[in-house]
Amino acid sequence: MLLPVIAVLLQGLGPLGSPPAILVGLAILALVVLVGRFVLAVAWRLILIALAIGIVLWILGILGFGVL
C-alpha cells in the first residue's frame, strides 16, 4: 500500500528522488547536525565563561574593588 505512494512522491522530485541524491542529501544533513553540535558546544562554553567573569566582577564590586 505505502510503496506506490512513495514511488509517486519520488517521481515527483525528478532527479532529486534518485537513491544517490537521497544519500547525498542525508550526508549533508548529518554534516550540518555535527557542525551544529560543535558550534553549540563552543557557544555554551563561551556563555559559561562570560557568566563566571560577570560573577567575579560583581563580587569584586561588592567587596569594593574598582575593576571597571
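Preceding this section is the structure that the text describes.
This text gives an overview of the structure that appears in the document.

Once that is clear, we can look at the overall build of the chain. Within the chain one finds two helices and zero strands. Taken across its 68 residues, the chain has 1% of its residues classed as buried.

On the surface, a cluster of nonpolar side chains totalling about 1,200 Å² of accessible area is made up of Leu40, Trp44, Ile47, Leu48, Leu51, Ile55, Trp58, Ile59, Ile62, Leu63 and Phe65. For Trp58, the location among the structural elements is in helix α2 (residues 19-63). What makes Trp58 exposed here is its relative accessible area of 59%.

What follows is about α2. The first and last C-alpha atoms of α2 sit 66 Å apart over 45 residues, in line with the 66 Å expected at 1.5 Å per residue. Where α2 ends, the next residue or the one after it, Gly64, has phi of about 100°, a positive value.

Calculation criteria
Residues numbered from 1 in each chain as written. Predicted model: local features only at pLDDT ≥ 70, side-chain atom pairs only at ≥ 80, totals over all residues. Heavy atoms only, no water. Helix = DSSP H or I, 4+ residues; strand = E, 2+ residues; numbered from the N terminus. Buried < 20%, exposed > 50% of the residue type's maximum accessible area, 1.4 Å probe, protein only. Patch = residues over 30% accessible without salt bridge, like charges linked within 9 Å, V, L, I, M, F, W, Y side chains within 5 Å. Areas by Shrake-Rupley, 256 points an atom, 1.4 Å probe, with all protein chains shown as cover. Salt bridge = Lys/Arg side-chain N within 4 Å of Asp/Glu carboxyl O. Expected span 1.5 Å × (residues − 1).

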